[in-house]
Amino acid sequence: KRVLEVTRTFFEGIASLTLARHTHQPNWRRIGEEALGRLMKWEKISSWNFGQQVKLLQAELHYLNGNMDSAEVAYKASIMSAREHKFTHYVALASELYGR
């Protein structure tokens, strides 16, 4: 049950921040920020499992705010963390989002 909640929260955050970027509707930003907040709490329990997810949501939020330098740093940190911890699917996702 907990794994499903974490996965849903992460992808809800990614999807919401992407929708916020394209629609400029503040409700999508709020949902993305709330997802980031929940993942940051879980990251305190296990940075190994959640660090790359937090960094990727932070990168998307920086991008949405127009802070490209901070976004680039966060994208790269997410990719490095995912690679280091053998989360290949998050390496791929972070690389794809960084490349857009």
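The shown structure was predicted, so the numbers you read here are calculated from the model rather than taken from an experiment. (Residues numbered from 1 in each chain as written. Predicted model: local features only at pLDDT ≥ 70, side-chain atom pairs only at ≥ 80, totals over all residues. Heavy atoms only, no water.)

**Quick look at the overall build of the protein**
Applicable threshold: For helices the rule is a DSSP run of H or I covering at least 4 residues; for strands it is a run of E covering at least 2, with both sets numbered from the N terminus onward. Only C-alpha atoms enter the radius of gyration; for comparison, a globular chain is expected to reach 2.2 Å times N to the power 0.38, where N is the number of residues. Per-residue accessibility, obtained with a 1.4 Å probe over protein chains only, is compared with the maximum for each type, and a residue is labelled buried under 20%, exposed over 50%, and partly exposed between these values. Contacts are assigned to residue pairs with any non-hydrogen atoms lying within 4.5 Å of each other. Computed with a 1.4 Å probe, the accessible areas rest on the Shrake-Rupley method; for each residue, only the protein chains presented here act as cover. Positive residues here are Lys and Arg, negative ones are Asp and Glu, while His and the chain termini are left out of the count. Note on charges: their place is set at NZ of Lys, CZ of Arg, CG of Asp or CD of Glu.
Across its full length, the protein holds five helices and zero strands. Scanning the protein from its N terminus toward the C terminus, one meets helices and strands in the order α-α-α-α-α. Over its C-alpha atoms the protein spans a radius of gyration of 12 Å, differing by no more than 12% from the 13 Å that the globule rule assigns to 100 residues. Seen through its C-alpha atoms, the protein measures out along the principal axes to roughly 35 × 30 × 20 Å. Classification of the 100 residues of the protein by burial places 42% in the buried group. Counting only contacts in the protein whose residues sit at least 6 apart along the sequence, the fraction spanning at least 24 positions is 52%. Counting every atom, the protein has about 5,900 Å² of accessible surface; 59% of that belongs to carbon and sulfur. Taking the average location of the 14 positive side-chain charges in the protein and that of its 10 negative ones, the two points are 4 Å from each other.

**Considerations on the packing of aromatic side chains**
Inclusion rule: Here is the rule: rings of Phe, Tyr and Trp (six-membered ring for Trp) pair when centre to centre is within 6.5 Å. Planes less than 30 degrees apart are stacked, more than 60 are edge-to-face, and the remainder are tilted.
All told, the structure shown has five aromatic pairs when counted by the stated rule. Considering the side-chain rings of Phe-10 and Phe-11, the 4.9 Å spacing of their centres and the 70° angle between planes classify their relative orientation as edge-to-face. Owing to a relative accessible area of 0%, Phe-10 belongs among the buried residues under this scheme. Overall, the relative accessible area of 39% leaves Phe-11 in the partly exposed class. Among the aromatic residues, those joined into a cluster by ring pairs are Phe-10, Phe-11, Phe-87 and Tyr-90.

**Concerning helix 4 (residues 68-84)**
Owing to its 3.6 residues per turn, the α-helix aligns residues three or four sequence positions apart on the same side. Our working definition: What a helix should span is 1.5 Å times the count of its residues minus one.
When the terminal C-alpha atoms of helix 4 are compared, their 24 Å separation across 17 residues agrees well with the 24 Å that a helix rising 1.5 Å per residue should span. Contacts made by the buried residues of helix 4 are with helix 1 (2-23), helix 3 (47-64) and helix 5 (88-99). Backbone geometry just after helix 4 places Lys-86 at a positive phi near 65°.

**Things to note about the side chain of Arg-21**
By the secondary structure assignment, Arg-21 is in helix 1. Those residues in contact with Arg-21 that lie beyond four places of it in its chain are Glu-60, Tyr-63, Leu-64, Tyr-75 and Arg-100.

**Things to note about the nonpolar core**
So the rule is basically this: Throughout, nonpolar core names a set of buried Ala, Val, Leu, Ile, Met, Phe, Trp, Tyr and Cys residues whose side chains join them through atoms within 4.5 Å.
Grouped together as the largest cluster of nonpolar side chains are 25 residues, with contacts concentrated most on Phe-10, Ile-14, Leu-39, Leu-56, Leu-57 and Tyr-75. Of all the secondary-structure elements, those providing two or more residues to this core are helix 1, helix 2 (26-45), helix 3, helix 4 and helix 5. In contact with Leu-57, other than residues within four places in its own chain, are Phe-10, Gly-13, Ile-14, Leu-17, Ala-35, Leu-36 and Leu-39.

**Concerning the pattern of salt bridges**
The test is simple: By salt bridge we mean one thing: a side-chain nitrogen of Lys or Arg within 4 Å of a carboxyl oxygen of Asp or Glu.
Considering all chains together, one arrives at eight salt bridges under this definition. Between Arg-38 and Glu-12 there is a salt bridge; the shortest N-O distance is 3.1 Å. Placement of the pair is Arg-38 in helix 2 and Glu-12 in helix 1, with a sequence separation of 26 residues. Classification of Glu-12 by relative accessible area gives partly exposed; the value is 30%. Arg-21 serves as the salt-bridge partner of Glu-60, at 3.0 Å between the closest nitrogen and oxygen. Residue Glu-60 is found in helix 3, and its partner Arg-21 is found in helix 1; the two are separated by 39 residues along the sequence. With respect to class, Glu-60 is no different from Arg-21; both count as buried. Residues joined in a network through salt bridges with shared partners are Arg-8, Glu-12 and Arg-38.

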